[in-house]
Amino acid sequence: MTDKKTPLILVSNRGPVTYGPDGMHRGGGGLVTALIGLASHREAIWVASAITDEDAEVASEHGGQAFEIDGEDGNSYSIRFVSSDPDAYDRFYNIFANPMLWFIQHYLWDLSNAPDIHRHEVDAFELGYKAVNADLAGAVLDEIEAIKDPVVMVHDYHLYTLPAVVRKARPEVFLHHFVHIPWPQPDAWRVLPKAIRDEIYKGILANDIVGLHTHTYRQNFLQCCRDLTAYEVDFGRSIVHVDGREVWVRAYPLPIDWRATQSLGSRPRVAQFEVELDHRKREFLILRVDRADLSKNVLRGFSAFDMFLEQHPEFSERVTFRAQLMPSRTDVPEYAEYLERIEALVATVNHRHGTPDWMPIQLILRDDLDEAVAAYKRYDVLMVNAMFDGMNLVAKEGPLVNECDGVSILSENTGAHEELGEFALSVNPFDIQEMADSIYTALTMDPAERARRAAGLKEIVTSRDPGNWIDEQLLDIRAKAAAQGRVSPA
Ligand code: G6P
């Protein structure tokens, strides 16, 4: 347990909230969902980038120091926004973290076409990625200055070079780094020039513990260390030996805060959306809820629906595919172009199969949690067909909230599949015919079988919560600190 004098320091690019011209919003994506409980329930200071101009204003109003905020969900957090040079931040976020690292770790590069590595990309690493990492590291060092045996929890792919900076200044610090996205096999990393790759591995191996969502990613991480670095890897103990230190590599699958998610279902605004949904609903509703990210495989999901309608005309006018997509990283050209391709394909499928009375695909491009929760309650089929996905929390939130014994179609390449695969219809996300067949199977499934699967999913989702996830990590932190002869730091 932490006491008042030894708060945990969390550090991530995106913080729990972000400010815009119209005020404060909750940060999007799985990382924020994962950490919000930790930040509000434990003594913790969350160090994050000032992402918008308004974040930077709020940061400077607080003299760059930590301050308390009350989140929309009624919890309060202690947060410290760090402003970086805008040009450095642009290079960090829009070139190096996204798309470069994100695409490497989700196998998204179409290697015969991209990426080309020029000075532009190398500079984005040197002058952008490392600079922002150093800025955040500076704030972390400031926060732990007066703390004896500090514990810093670093999050995600934006911050691979930060741990080495912190370690150098405070050799005794305990650094725990959780990566929320897949860890790919060694060759995926060979896209990066060796000097950059070496710095990334040196950075992440400056941690005491590296946490990943699944056993597969853990294994990949160890293989990468064996093949891409000179360090010795102990596969049996899941440890990398780095300059006399041990780096523990562990899997901690992320649960959702299912009680909080469930309680969202009773919000009045959710009920309003439900009324609208019921009004429009055909016999069946297929749902997907995602950031508009290439890894989510939205296009193949629509192609599968197209094929299903072609092969099963008896479902004409009986089913709607509702896709709620949150525009994401729109300054990155690959993402902007992806949104355009999504809109074009929706228009094609709707034109091909639609009737004056029926639009097969309903595309909703906005981030509205209440609207998503209402749709979660009502779907018959949930489509989660990501090409690769660290965990995928929609695959957990949907079945928890759903009231219609909805069937999950789940990509075998999501982290969630390791836990939920048994009760879902597993699909290969590249196999369009298989996804089309799964839509048919789901829509024609015997009610008792639907109920059995839905109950199985709910049971798994409610068996752990983020408190367990954090406790598992703190247990390892304590065990490793004890093995090093240190007092319990967390
Ligand atoms: C994923 C990543 C997070 C990221 C989130 C939203 O969940 O793992 O690190 O914050 O996507 O993406 P964004 O670029 O908007 O922060």
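Let me sum up the structure you'll find in this document.

Quick notes on the rules
- Residues numbered from 1 in each chain as written.
- Predicted model: local features only at pLDDT ≥ 70, side-chain atom pairs only at ≥ 80, totals over all residues.
- Heavy atoms only, no water.
- Salt bridge = Lys/Arg side-chain N within 4 Å of Asp/Glu carboxyl O.
- Helix = DSSP H or I, 4+ residues; strand = E, 2+ residues; numbered from the N terminus.
- Buried < 20%, exposed > 50% of the residue type's maximum accessible area, 1.4 Å probe, protein only.
- Core = buried A, V, L, I, M, F, W, Y, C linked by side-chain atoms within 4.5 Å.
- Domains from an automatic or database assignment.
- Contact = heavy atoms within 4.5 Å.
- Polar contact = N/O pair within 3.5 Å; in protein donor to acceptor, adjacent residues only side chain to side chain.
- Pairing = 2+ DSSP bridges.
- Axes fitted to C-alpha atoms, helices over the stretch in contact; angles between N-to-C directions.
- Right-handed = clockwise from strand over helix to strand, strands pointing away.
- Phe/Tyr/Trp six-rings, centres within 6.5 Å; stacked < 30°, edge-to-face > 60°.

Considering the pattern of salt bridges
Oppositely charged side chains may form a pair once their charged atoms are brought near each other.
Thinking step 1. Taken as a whole and judged by the stated rule, the model has 37 salt bridges.
Thinking step 2. Linking aspartate 87 and arginine 91 is a salt bridge whose minimum nitrogen-to-oxygen distance equals 3.3 Å. With a gap of 4 residues between them, aspartate 87 and arginine 91 both fall in helix H3 (residues 86-105), about one helical turn apart.
Thinking step 3. In this structure aspartate 87 comes out as partly exposed when scored by relative accessible area, which is 42%.
Thinking step 4. Arginine 267 is the salt-bridge partner of aspartate 370, the closest N and O atoms lying 2.8 Å from each other. Linking aspartate 370 in helix H12 (residues 369-378) with arginine 267 in the loop between helix H8 (258-264) and helix H9 (268-280), this pair joins segments that are 103 residues apart in sequence.
Thinking step 5. Overall, arginine 267 belongs to the partly exposed group, its relative accessible area being 32%.
Thinking step 6. Through salt bridges with shared partners, one network takes in Glu274, Asp278, Lys377, Arg378 and Glu403.

Describing the nonpolar core
Thinking step 1. Phe96, Tyr160, Trp183, Trp189 and Ile200 are the most contacted members of the largest nonpolar core, which totals 100 residues.
Thinking step 2. Top element by residues in this core is H3. It accounts for 11 residues.
Thinking step 3. For this core, the two domains that each supply at least three residues are domain 1 (8-254 + 467-483) and domain 2 (265-461).
Thinking step 4. Here phenylalanine 96 is in contact with Arg91, Leu101, Glu121, Ala124, Phe125, Tyr129, Leu192, Ile196 and Ile200, once residues within four sequence places are set aside.
Thinking step 5. The next biggest cluster of nonpolar side chains, apart from the first, holds 68 residues, and it includes Ile36, Tyr252, Trp258 and Trp469.

With respect to the environment of asparagine 468
Thinking step 1. By the element assignment, asparagine 468 lies in helix H17 (residues 466-483).
Thinking step 2. The partly exposed category is assigned to asparagine 468, whose relative accessible area is 31%.
Thinking step 3. Linking asparagine 468 and tyrosine 252, residues 216 residues apart in sequence, is a C-alpha distance of 9.6 Å.
Thinking step 4. Among the polar contacts listed, one links the side chain of asparagine 468 to the backbone nitrogen of aspartate 465, at a separation of 2.7 Å.

Some thoughts on the sheet that holds strand S11 (residues 239-242)
Sheet strands pair by backbone hydrogen bonding; their relative direction is either parallel or antiparallel.
Thinking step 1. Here 10 strands make up an open sheet; going across it, the order is S5-S6-S4-S1-S7-S8-S9-S12-S11-S10 and the pairing mixed. The sheet terminates laterally at strand S5 (67-70) and strand S10 (232-234), the two strands that pair on one side only. The mean inter-strand angle of the sheet, taken between neighbouring strand axes irrespective of direction, is 25°.
Thinking step 2. Note that S5 and strand S6 (residues 76-82) share 4 bridges and pair antiparallel. The partner of aspartate 70 across the bridge, within S6, is serine 76.
Thinking step 3. Seen against the sheet, helix H5 (residues 162-169) touches strand S1 (8-12), strand S7 (151-155), strand S8 (174-178) and strand S12 (245-251) and runs at an angle of roughly 175° to S8.

Structural notes on the pairing of strand S15 (residues 361-364)
Consecutive residues of a regular strand have side chains that alternate between opposite faces of the sheet.
Thinking step 1. Bridging between strand S14 (residues 319-326) and S15 involves 4 bridges; their strand directions are parallel. Paired with alanine 323 across the strands is leucine 363, a residue of S15.
Thinking step 2. For the handedness criterion, the β-α-β arrangement of S14, helix H11 (residues 333-353) and S15 is classed as right-handed.

As for the environment of valine 151
Thinking step 1. Along the polypeptide, valine 151 turns up in strand S7.
Thinking step 2. Separated by 23 residues in sequence, valine 151 and phenylalanine 174 have C-alpha atoms that sit 4.7 Å apart.

A look at the packing of aromatic side chains
Thinking step 1. This structure, assessed with the given rule, holds 26 aromatic pairs.
Thinking step 2. Ring geometry for phenylalanine 178 against tryptophan 469: centres 5.0 Å apart, planes inclined by 80°, an arrangement best described as edge-to-face. Residue phenylalanine 178 is located in strand S8, and its partner tryptophan 469 is located in helix H17; the two are separated by 291 residues in the primary sequence.
Thinking step 3. In this structure tryptophan 469 comes out as buried when scored by relative accessible area, which is 0%.
Thinking step 4. On the numbers, 6.2 Å between centres and 15° between planes, the contact of phenylalanine 305 with phenylalanine 308 is stacked. Taken together, the positions of phenylalanine 305 and phenylalanine 308, both in helix H10 (residues 298-311) and 3 residues apart, correspond to about one turn of that helix. Comparing phenylalanine 305 with phenylalanine 308, the two get one shared label, buried.

A look at the sheet that holds strand S16 (residues 381-384)
Thinking step 1. With parallel pairing, the 6 strands of this open sheet are ordered in space as S15-S14-S13-S16-S17-S18. Each of the sheet's edge strands pairs with one partner strand only, and the pair in question is S15 and strand S18 (425-427). Sheet twist, expressed as the average angle between the axes of neighbouring strands with direction ignored, equals 20°.
Thinking step 2. Its contacts with the sheet put H12 on strand S13 (284-291), S14 and S15, and the angle it makes with S13 is roughly 145°.

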